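# Observations on the model geometry
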Amino acid sequence: MSFIVDHVTVRFQCRIALDDVSAALDERRIAVIGDNGSGKSTFARVLNGLILPDEGRVLVDGRDTLTMGDKIRAHVGFCFQNPDTQLVMPTVAEDLALGLKPLKLAPADIEQRVEDTLDRFEIAHLAQRSVHMLSGGEKQLVALAGVMITAPDTVICDEPTTLLDRRNAANVLAVLKDLACRVILVTHDLGQIADFDRAVWFHDGLIAADGSPSEVAAAYEKSLSGIRA
Amino acid sequence: MITGLYIPGDSLLHRCPAGVKLIALVLIGIGLIAIDNLFLLCALAVVVAASYSAFAGLGVAPVWQATRAVLVWLALIVLAQALLAGVEAAAETVVRLLILIWSAALVSYTSRLSDMAAVLERGLAAFKPLGVQPEKTAFMIALTLRLVPAIFAIARDVRDAQRARGVDASVVTAIVPALTRIMAHADAVSDALTARGYERWDTAP
Amino acid sequence: MTARDTVLIATFAALTAVLGLLPPLPVPLVPVPITAQTMGVMLAGLMIGPRRGGLAMLLLLGVVALGIPLLAGGRGGLAVFAGPSAGYLIGWPIGAFVTGMLARGATSPAPLFAACLAGGIGVVYACGIPGVALISGISVPTAALASAAFLPGDLIKAGVATAVAVTLRRAYPRLTP
């Protein structure tokens with residue numbers, strides 16, 4: 001699956017979130033880093049068509065997000081920062097099944113897939129648990145499982161661990177790194193990206209650095225050194 | 001946080017299908033218009049109240065619970081009608097009201113939300129040509145229930161934050177910041193749903 | 001129906017429920033503390049437009065009918081549609097729709113307040129008062145007199161809803177036509 005970002009500009013009411021950004025993403029583990037408001041989250045969202053560019057276009061395997069967003073989203077999963085906004089059904093099992101609705105599977109198949117996915121993520125014990133009784137870390141794992149249940153080719157994660165404590169963050173990150181599909185991880189925690197294949201650093205809506213995680217992290221750290229007076 | 005009105009049990013009425021109970025309710029409503037005899041109405045009221053124990057295993061407390069909600073209104077109606085149209089007319093009106101309210105409440109007490117929702121979904125299927133989407137309607141019901149505690153928590157957080165700042169925390173001062181956060185929450189939930197293929201629920205796989 | 005429409009409709013249905021769950025407020029001239037719940041009717045029309053606002057109220061009534069006690073005072077179930085407030089409840093979706101329609105394109109307080117008065121009060125009372133009269137077996141003028149007690153509280157709610165809408169409709173121009 002290839003992502004081609006072609007001279008994309010995204011404007012919100014009073015500012016430019018992405019400024020004529022171009023990139024081709026083919027690596028298996030890609031990190032997107034940057035400060036708040038740098039455009040990294042907007043970038044993540046143009047990749048699967050949640051946000052459409054005001055200028056330029058995004059092609060996923062040749063499909064334009066402008067016209068074929070729904071078909072693209074069938075193969076590109078997205079995991080968000082706040083687990084609470086991703087879980088919408090009363091129980092964990094029901095929420096997992098929700099992700100399968102577009103596939104129009106028979107009830108028995110749905111049940112099987114839910115069971116398999118729960119086992120795969122080692123959360124079978126949470127199946128009948130009420131969603132609002134879960135811890136933040138558990139919610140995020142359930143959210144991730146709900147995304148992975150459709151077996152996407154790529155999963156984009158927008159700061160999935162930011163709201164979690166260190167133990168849960170480490171756990172979720174470990175699960176992410178274990179996934180067979182491609183992972184595009186948006187994060188502001190440089191400690192998470194060391195073994196990724198590529199890192200892209202966003203600053204003020206532009207790509208400030210793009211290369212190996214160590215290079216990009218070094219460039220980012222250097223930019224911070226001016227602050228530590 | 002929100003518990004439905006359903007009271008778990010295994011009685012005759014509990015096992016009766018929700019659709020059947022609803023039809024019975026409509027028939028009772030129609031029948032009430034037809035019946036004029038105060039004695040008959042009172043007998044019917046007793047039957048309905050007794051059904052709570054006899055056919056639903058619920059005892060007397062739920063009957064009182066159903067009545068309590070409209071007690072003030074009933075008293076006012078009795079007064080108004082007694083003055084304007086006489087005691088018998090007042091009695092007829094009140095007894096009719098009680099029969100209808102008690103019957104309706106009994107259906108709610110003995111029917112699971114999921115069973116009622118299933119009846120609704122089946123009923124809505126008839127309106128598909130008009131563009132109604134029964135599956136999404138059922139989902140919207142679940143989503144509303146999910147959002148009530150979330151919005152309540154936002155309201156409470158805003159109020160707490162205002163109190164901490166020494167601002168007078170009332171519905172009026174809290175509502176703009178609370179609504180702002182509620183709208184942001186709605187945006188995030190919409191994005192998550194879109195990302196999970198919500199728009200493909202109706203199209204062929 | 002898009003995800004955004006669905007979530008907004010459910011959000012305002014839930015918001016109206018929450019307004020009913022909050023403690024009632026004391027209001028001058030009214031003997032009984034009033035709940036903020038009917039402000040949800042006006043806010044729905046003002047913030048998400050007539051179609052979505054009307055559907056939000058319909059959704060709330062649907063959930064209540066299915067047996068969830070989301071009306072002020074913890075009321076719910078089919079019994080509320082057999083009681084005296086049945087007419088008012090039927091007026092909620094229509095009231096939200098009318099409020100939304102009249103508020104279209106408006107940004108200043110006066111037309112927004114008028115929209116609240118017409119939809120949130122006018123339509124709702126027009127449905128509620130005959131409902132009370134029918135179910136209670138009293139005359140419409142008598143029912144109207146009885147309902148007048150709620151007017152001061154509802155006028156205040158209309159004012160609050162207007163003030164909120166003036167501020168927030170500017171922040172969400174694409175949402176509110």
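Residues numbered from 1 in each chain as written. Chains lettered and ligands numbered in written order. Predicted model: local features only at pLDDT ≥ 70, side-chain atom pairs only at ≥ 80, totals over all residues.

Here the focus is the overall build of chain B. Of regular secondary structure, chain B possesses nine helices and zero strands. Written out in order from the N terminus, the α and β elements of chain B read α-α-α-α-α-α-α-α-α. Taken over C-alpha atoms, the radius of gyration comes to 23 Å for chain B, far larger than the 17 Å a tight globule of 205 residues would show. Along the three orthogonal principal directions, the C-alpha set of chain B runs to about 60 × 55 × 35 Å. Of all 205 residues assigned to chain B, the portion counted as buried reaches 37%. (Helix = DSSP H or I, 4+ residues; strand = E, 2+ residues; numbered from the N terminus. Rg over C-alpha atoms; globule rule 2.2 N^0.38 Å. Buried ≥ 20, exposed ≤ 12 C-beta atoms within 10 Å, placed from the backbone.)

This paragraph deals with the interface of chain A and chain B. With 21 residues of chain A at the interface, the matching set in chain B holds 18 residues. Residues belonging to the side of chain A that touches chain B are distributed by class as follows: 10 nonpolar, six polar and five charged. (Contact = placed C-beta atoms within 7 Å. Nonpolar A, V, L, I, M, F, W, Y, C, P; charged D, E, K, R; others polar.)

Moving on: the packing of helix H2 (residues 18-34) of chain B against helix H7 (residues 113-125) of chain B. Angle between the axes and distance between the axes: these two values describe a pair of packed helices. Residues and elements named next belong to chain B. Across the interface, H2 lies against H7 with an axial gap of 9 Å and an inter-helix angle of 75°. As far as their axial angle goes, H7 and H2 are roughly perpendicular. Contact residues: Ala18, Gly19 and Leu22 in H2; Asp115, Met116 and Val119 in H7. Looking at side-chain class alone, the contact of H2 with H7 contains four nonpolar, one polar and one charged residues. (Axes fitted to C-alpha atoms, helices over the stretch in contact; angles between N-to-C directions. Parallel < 35°, antiparallel > 145°, perpendicular 65-115°, else oblique.)

This brings us to the sheet that holds strand S1 (residues 3-12) of chain A. Across the sheet, which stays open at both edges, the four strands sit in the order S2-S1-S4-S5 (chain A) with antiparallel pairing between neighbours. Two strands close off the open sheet at either side, each with one partner strand: strand S2 (15-25) and strand S5 (63-64) of chain A. (Pairing = 2+ DSSP bridges.)

By a widely used convention, the size of an interface equals the accessible area lost when the partners come together. Facing 46 residues of chain C, the contacting portion of chain B comprises 54 residues. Listing elements by their share of the side of chain C that touches chain B, those giving two or more residues are helix H1 (3-21), helix H2 (39-65), helix H4 (109-136) and helix H6 (151-171) of chain C. The element that contributes the greatest number of residues to the side of chain C that touches chain B is H1 of chain C, accounting for 14 residues.

Residues and elements named next belong to chain B. Domains assigned within chain B are domain 1 (1-111) and domain 2 (113-205). Distance from the C-alpha centre of domain 1 to the C-alpha centre of domain 2: 32 Å. Taken together, the contact pairs eight residues of domain 1 with seven residues of domain 2. For the side of domain 1 that touches domain 2, the class distribution of residues is five nonpolar, three polar and no charged. (Domains from an automatic or database assignment.)

Turning to the packing of helix H3 (residues 86-103) of chain C against H4 of chain C, a few remarks are in order. Residues and elements named next belong to chain C. Direction vectors running N to C along H3 and H4 enclose 160°, while the axes themselves pass 7 Å from each other. Considered as vectors, H3 and H4 are oriented roughly antiparallel to each other. The interaxial crossing formed by H3 with H4 has right-handed handedness. Residue composition of the contact of H3 with H4, grouped by class: 23 nonpolar, eight polar and no charged. (Left-handed = near helix turned anticlockwise from the far one by under 90°.)

Now for the environment of Leu58 of chain C. All names here are of chain C. With respect to the helices and strands, Leu58 occurs in helix H2. The exposure class of Leu58 is partly exposed, given the 19 C-beta atoms found within 10 Å. Residues Leu58 and Leu89, spaced 31 residues apart in sequence, show a C-alpha to C-alpha distance of 9.2 Å.

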